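Descriptive structure summary
The chain contents come next:
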Amino acid sequence: MKFLHTLSKCGFLVAALLLMGNVAWSQRTVKGKATDADSGEGLIGATVAVVGTTRGAVTDIDGNYSVDVPEGATQLRFSYTGYTEQVIDLGASNVVNVAMKPGTVLDEVVVIGYGTLKSREVTSSIVSLKSEDFNKGNVTNPAQLIQGKIAGVSISRPGSDPNGDFTIRLRGLSSIQSGTSPLVVVDGVPGVSLNLVDPNDIASIDVLKDGSSAAIYGTRASSGVILITTKKGVAGTTRAEYNGFVAFDQVAKRYNVLSADDFIAAGGTDLSPNDNTSTDWFNEITQTGVSNVHNLSLSGGVGKGSFRASFNYRDNSGILRTTGLKQYNGSLSFTQKVLNDRLRIDGNLFLTSRESEYGFLEAFRYAIVNNPTAGVKSTDAEYTRFGGYVEKDLFDYFNPVAMIEQNYNRGNINRMLGNVRATLDLTSNWNVSMNLSQERSANNGSEFYSKQSKFRGFGRNGVGIRSVDNSTTNLLELQTEYKLNLGGNSDLRFLGGYAYQDFQYNGFRADAGNILTNVLENNNLRAFQELPRGLATVTSYRNENKLIAYFGRALLNTDDTYFGQVGLRREGSTRFGANNRWGLFPWVSAGVNIEKLTDIPGVDQLKFRVGYGVTGNQPNQNGLSVLQFAPGASFYYNGNYVPSYGPSQNANPDLKWEQKGEFDAGIDFNLMDYKIGGSIDFYNRKTNDLILNFPVPVPPNLAATTWQNIASFESTGLEAVVNFNNLVNNDNFQWTPGLLFSTYKVKLTDLGRADTIASANVGAPGQNDVYYTILYNGAPLGQLWGPKRESVNADGTITYQDLDGNGTVDINTFNADQTKIGSGIPAFELSMVNSFTMGNWDLNFLLRGVFGHDLANEYRVFYENLDPTAATWNKVDTKYYDPTLTASNRFDDAHVEKATFLRLDNATLGYNFNLGSGTWFNKARLYVSGQNLFTITGYTGVDPEARLEDPGSVDNGGRTATPNPLNIGIDRRSTYFLARTISVGVNLGF
Amino acid sequence: MKKLALSVKLLLPALFVLTFNNSCTNLDEKLYDTLTEDTFLQTEEEFISALGAAYTSLYALGNHGAYWSVQEVSSDEVMIPQRGGDWGDGGQWINAHRHEFKAADPNINNSWNFLFGGVNTCNRLIFQFQTLKDAGKADAVLADKFIAELRVLRGLYYYWLLDTFGNVPLVTDFDVPDGFLPATKTRQEVYDFVESELNAAVPLLDKAVNGTTYGRMSYYVGKAIQAKLYLNAEVYTGTAQWQKCADACNEIINSGSYQVEADYYASFITNNQTSKEIILAVPYDQVFAQGFNLAQMTLHYGSQATFDLQEQPWNGYCSLQEFYEMHDANDDRINNFVEGPQFASDGVTPVIDASVEPNDPDGPQLNFTPQINEHFPNALRQAGVRIGKYEFKKGATANLSNDFVIFRYSDVLMSRAEALWHLDNASQEALDLVNVVRVRARQPQFGALTPDLLIQERGREMFYEGVRRQDLIRFGKYGQQFYGNATGWMPGSADTKQLWPIPTAQININPNLVQNPGY
């Protein structure tokens, strides 16, 4: 209601502005058709703009358009992707037809923050991908659409968990405990979940990579901005489309483990001495995952309105039994012009409901190490207490089949986004607009562990968990745009705006054990005896925060030759200290098209651009700037236990925005009649005032930690893209390849403390307080740190190198005999995109390589050798296995491997049917697609993908923590395995 | 242009409203689910809850990894062998047992953080209560009572610091300047501080021994700390204080509020809060006051079936063969150890250990045997008798409800005996006091006391009560090879190893700290 209150106060001016719409001025309507000059066919979706105004139109399926031309306007500009732009002088006629010639790719529309630009006007590092550029195949998450296709954007998801989220890192790391993922903007609504929009409904994705382009989103923009534009209807003919595919996921790679016979021969404990039980545990838990995806959309419009409706259904199954999801997604968008076309109203509604079977990723780990001589189930009385599943009283040892069959871990997430935007033309070159939106999500979690499940259930006699997490986000944005014509093709465009956004969160979780019977599952929490006995855990929370911003921007275009942009966003957040709630985020950029100034043979376009921008980042939590008291354990006071409260965090009224200043210099070029095009970018970014919950001395502080602006990073990088348009171009064969290259380095310039911290605990069994990484001022991020082997001795022990040369070997102290033994950050990434057409056939594939990074292979760290005393666990069998070694497993340089890889990420072969007139369809395409078809690597783990964050160690049924982005290069045992996917699909247009 | 002017007329006031209207720009944060300075410490109930933070910091005593663990593992009564792939953990527990402490070992830093965390909480609360009292926001009588209690509790933490790290900074104020880095004080200075602080504050405490003082600092808890301080004064300062020790013990004895229970284990059962022998215990509870994890720390994975434990134990802590064999078979206190073949909770079904090593002589049935084949790296998983002093209730969670004993009456009796014996080797009272403890354990009375008899009896009586290390030091046995037979892995240590190293992590933060000699 508070939001409505604010809206009522802030929104009155909009009503006032709308009133002005009643004033009309004289105008006329120009109609016509845009055609391909070679074929004479109509061009669908070409842009028609009235020069010097904000008016425009888009051609319909037959190439027809209709545009209202105000008094005084003299020119129309026609533009279309892949065709040369044309500007036509208006005469007396109200019909203007235009034949467009294929040519430059310069005039694509690029979505920037709060507006659009033509690609030639861009002065910062922005990449725009259209739906035809997207990755195909079994795509569930929009991030997959652009994986490997944008230099400088690392999108990774180790393993193929259908419910797993992608880690998106734009130009490396930009924060530690605040947002590390880019801001997602859907149709102008910032801060939206990437999972809200179905990949089928996305028309284009634009990524604002550098500071000068992202700064207009000020806050939350430090990790870059991803702008998603959804598909819209076109007035004219009504169209229907169906897209569907079926996909098959298979295990791409597994670890070799010993068979039952080999295991016994190697000294392993035979758990079935009376028979020859031999179990392939990995086979027992994996499956061919079958997925079905259907998308049906309807679009069209009459008169001054257009709409698009879309429905998506996904049913995905992963390679691990019991993992998968079902998702229902509906979206509706409309555009309507009223008040003599002076008021345009756009609306969007997205509804998504996802039912997830998260399953238990731990099953992979225990399937690798479970004893191959143990059976899956047994009728022995010994196993009755485990429901007939063979379990042993060993530490960190579970029957993975029992784990996934006896228990469940499910979720149901409902998300809604509604938004309405009204744009009013006050004059032909001045408009105001209002954008209102609300996003809601409700995430219901549901877990149950059977009374007989050794994993989490048995000890507590059955466990039920239910949770609800709700969020609501309200947005109000007001903006005005004014365009000043400077004559010819020169103009100056101004933008001013106000943005209000509030975020409300609340949730509830209950975790209770001890139930009479499994029959009730977690449906009746009252039946769990831990509740009356006080042993259950029930928690709840509620918090809210607000962001308020003012922003302004000026864009200059001088005769399409010189371009400049300058802007400022002033933004405030409730999450900061009373003294520092507001931050300033300025930016400036400029570019020049050299080819307009001088004629260089073979150069069609050459643009230099340079920009600098400041972006901000706010912490993920509320209330960090005030002294808080939190409940601790109870204490015994006068015969009763009473609650104790102590300070949990100190006040810091100076807590302020994390700030990143980024300099970017780039070149865009097109050569040899647009045959070769590309861009090169160099950047340097300094991130200061990083917010950390940092240890402080007690006294004088009340609590041991304070949230402070304390650390800083510096990163530099280089990105290069080159595309060869129709490198081969015969009558019926075309090949367009492209290459993308990126590299970056990140240095922790200031950790905020003088000492060195060993980080990333290896974990149990036996390797607690042994660490993978190290952090200190000036450290490059991603160092793996540990002892180095000298030799393996005859008695099976290891001699380590005396690195500090003091005569004694101390492998457990970081500054004694430990050193850098690897780097988790890749040296560079290289992708190659390819597009072939041959008659009706088309073939696209993406080769993606990541080079020079190392991974600590944790399966080897723990399971390289059988336990020297009693081998109840199996071991992983890699080329590094040394049978002479009998010492206990301990992390050292032998477990760090080069993980350079080249992967055929995606390949799609399609056939477009020729459709004679009179058929029902106007488009029919059949395709087959493969993902992860092959990977070339020397890495012995299942997935050589770089690990850019670390979920930490977990054992014996524990739960992983929030991933730590400072611990890089660790291939933990909790990773889902990698799948190879083949899909077959069809696209039909009606 | 008329229209433009009209628009400007409307826009400007609109922008004005946006900029200055409160609801459009208000960024005050409202917190719904946490307490802040503005909302906390308003009532006496909340006042009491603040005091709780000082006592709940003691809850770390009963779990693995810090002060108590290092005290025990560095003595001859407890060890954590490396059992193949289990319990290597960077070598810190092997280091502790061999007295090869490293300044970077996590268990040393954890111990420092536990002890100074306790000191700081006391300092903070003394400061807060004094401030509230001065401002008239708290009941003065209650505030003074709490402040006296906190001074004694701080004295307890400093006594532990004196005992382990020895040379530490003395921080007593809270309103110190920013960047305050206290300097190391000598062990003598720390001793003097603890002595004077207890002398000043203990007389202010309540002499009642009942539920109103249970688990908290009372007059007699203060006397017990003084008794410990004086018992070890010669180690701490070079000057013995036997008479002062005997006097402090005598006050406790003469109070009549304590007695030796007929059953030794009355002080260690799940409902041990009624024991008349407990002077100070951490009042653990599986629901309200969690943190006593002994069953997890010491029992074997398979012992889950024996005690129907809700979580699988970790198979770490065990006792040493010779320490166990120091007990007569008829000694009641031999049940301080879990020994022999193990059965499921029905008492009949043997617990089978699937991870039994082929070279384990006892076969697959879980069998805790006193002999430990080696310290590291390949100790047998079933080797070593386990710590069974506290009752493990059937169906227990990882957090036991037994109260964890810090000071006990029979220790006071034996401390007075030891002090009197030092003053007069022929003291009949000293002999009688020790024999009270002997008789209760169904052991024949001693005819005369010797240092060996005293240290052995203390070992049997006080097993796993956190005093063995200081007892060995006081009797000059700490630096000697433990026992000296084939299983004696502690080869002997220099006198400097009686103190723990100042943790590297702390010296990095505070350059005014001085490392102890020998590190």
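Residues numbered from 1 in each chain as written. Chains lettered and ligands numbered in written order. Predicted model: local features only at pLDDT ≥ 70, side-chain atom pairs only at ≥ 80, totals over all residues.

1. Details of the sheet that holds strand β2 (residues 47-50) of chain A
Residue and element names in this part refer to chain A. With antiparallel pairing, the 4 strands of this open sheet are ordered in space as β3-β2-β5-β6. In the strand order of this sheet, the two ends are held by β3 (56-58) and β6 (86-89), each with one partner. Averaged over all pairs of adjacent strands, the angle between strand axes in this sheet comes to 20°, irrespective of strand direction. Two strands pair when backbone bridges link them, and β2 and strand β5 (residues 75-79) are joined in this way by 4 bridges, in the antiparallel orientation. Looking at the pairing, Val48 lines up with Phe78 of β5. (Pairing = 2+ DSSP bridges. Helix = DSSP H or I, 4+ residues; strand = E, 2+ residues; numbered from the N terminus. Axes fitted to C-alpha atoms, helices over the stretch in contact; angles between N-to-C directions.)

2. Some points on the sheet that holds strand β31 (residues 640-649) of chain A
If you walk across this open sheet you meet the 3 strands as β31(A)-β30(A)-β1(B), and the pairing is antiparallel. The open sheet is flanked by β31 of chain A together with β1 (35-36) of chain B, the only strands paired with a single partner. Across the sheet, helix α3 (residues 44-56) of chain B touches β30 (628-637) and β31 of chain A, and the angle it forms with β31(A) is around 85°. (Contact = placed C-beta atoms within 7 Å.)

3. Description of the environment of A:Ala720
Counting through the fold element by element, A:Ala720 comes out in strand β34 (residues 705-724). With residues near it in sequence (within four places) discarded, A:Ala720 still touches A:Ala151, A:Gly678, A:Ile680 and A:Phe741.

4. As for helix α7 (residues 362-369) of chain A
Residues and elements named next belong to chain A. For α7, the buried fraction is high: 8 of the 8 residues fall into the buried class. Considered for burial, the residues of α7 that qualify are Glu362, Ala363, Phe364, Arg365, Tyr366, Ala367, Ile368 and Val369. Summarising the contacts, the buried residues of α7 are in contact with α6 (281-285), α8 (400-406) and α9 (858-863). (Buried ≥ 20, exposed ≤ 12 C-beta atoms within 10 Å, placed from the backbone.)

5. A few points about the confidence of the model for chain A
On average, residues of chain A score 88 in pLDDT, and 96% of them are at 70 or above. Across residues 6-25 of chain A, confidence stays below pLDDT 50; counting only partners more than four residues off in sequence or on other chains, it has 33 contacts. (pLDDT = per-residue confidence, 0-100.)

6. Section: the interface of chain A and chain B
Many structure descriptions define interface size as the accessible area lost when the parts assemble. Contact with chain A, which involves 79 residues of that partner, is made by 87 residues of chain B. If one sorts the elements of the side of chain A that touches chain B by residue count, β30(A) sits on top with 9 residues. Of the strand pairs in this sheet, β30(A) and β1(B) are connected by 2 bridges, and their pairing is antiparallel. Counterpart to A:Phe629 in the pairing with β1(B) is B:Leu35.

7. Notes on the environment of B:Gln226
Residues and elements named next belong to chain B. Summarising the element assignment, Gln226 is placed in helix α9 (residues 219-231). With 61 residues separating them in the primary sequence, Gln226 and Phe165 have C-alpha atoms 19 Å apart. Apart from the residues within four sequence positions on either side, Gln226 is in contact with Leu198, Val202 and Ala248.

8. Some details on the nonpolar core
Residue and element names in this part refer to chain B. Judged by nonpolar contacts, the single largest core of 143 residues is most densely connected at Leu125, Val152, Leu161, Ala224 and Ile279. Element by element, the count of residues in this core is highest for helix α7 (residues 140-164), at 13 residues. Leave out the neighbours within four places in its chain, and Leu125 touches Ala50, Leu51, Ala53, Ala54 and Leu150. (Core = buried A, V, L, I, M, F, W, Y, C linked by C-beta atoms within 7 Å.)

9. A short note on the confidence of the model for chain B
The predicted model of chain B has a mean per-residue pLDDT of 92, with 95% of residues at 70 or higher. Taken together, the chains of this predicted complex give a pTM of 0.84 and an interface ipTM of 0.88.

10. Examining the packing of helix α6 (residues 106-134) of chain B against α7(B)
Residues and elements named next belong to chain B. For the pair α6 and α7, the least separation of the axes is 9 Å and the interaxial angle reads 160°. Between α6 and α7, the angle is such that the two are roughly antiparallel. Our pair here, α6 against α7, has a crossing hand that is left-handed. When its residues are assigned to classes, the contact of α6 with α7 shows 17 nonpolar, 5 polar and 3 charged. (Parallel < 35°, antiparallel > 145°, perpendicular 65-115°, else oblique. Left-handed = near helix turned anticlockwise from the far one by under 90°. Nonpolar A, V, L, I, M, F, W, Y, C, P; charged D, E, K, R; others polar.)

11. As for the pairing of strand β28 (residues 582-593) of chain A
Residue and element names in this part refer to chain A. Alternating residues of β28 divide into Gly583, Phe585, Trp587, Ser589, Gly591 and Asn593, all buried, and Trp582, Leu584, Pro586, Val588, Ala590 and Val592, none buried. Examined bridge by bridge, strand β27 (residues 562-573) and β28 share 11 bridges and lie antiparallel to one another. Bridging across to β28, Leu568 finds its partner in Pro586. The pairing of β28 with strand β29 (residues 603-617) spans 7 bridges and is classified as antiparallel.

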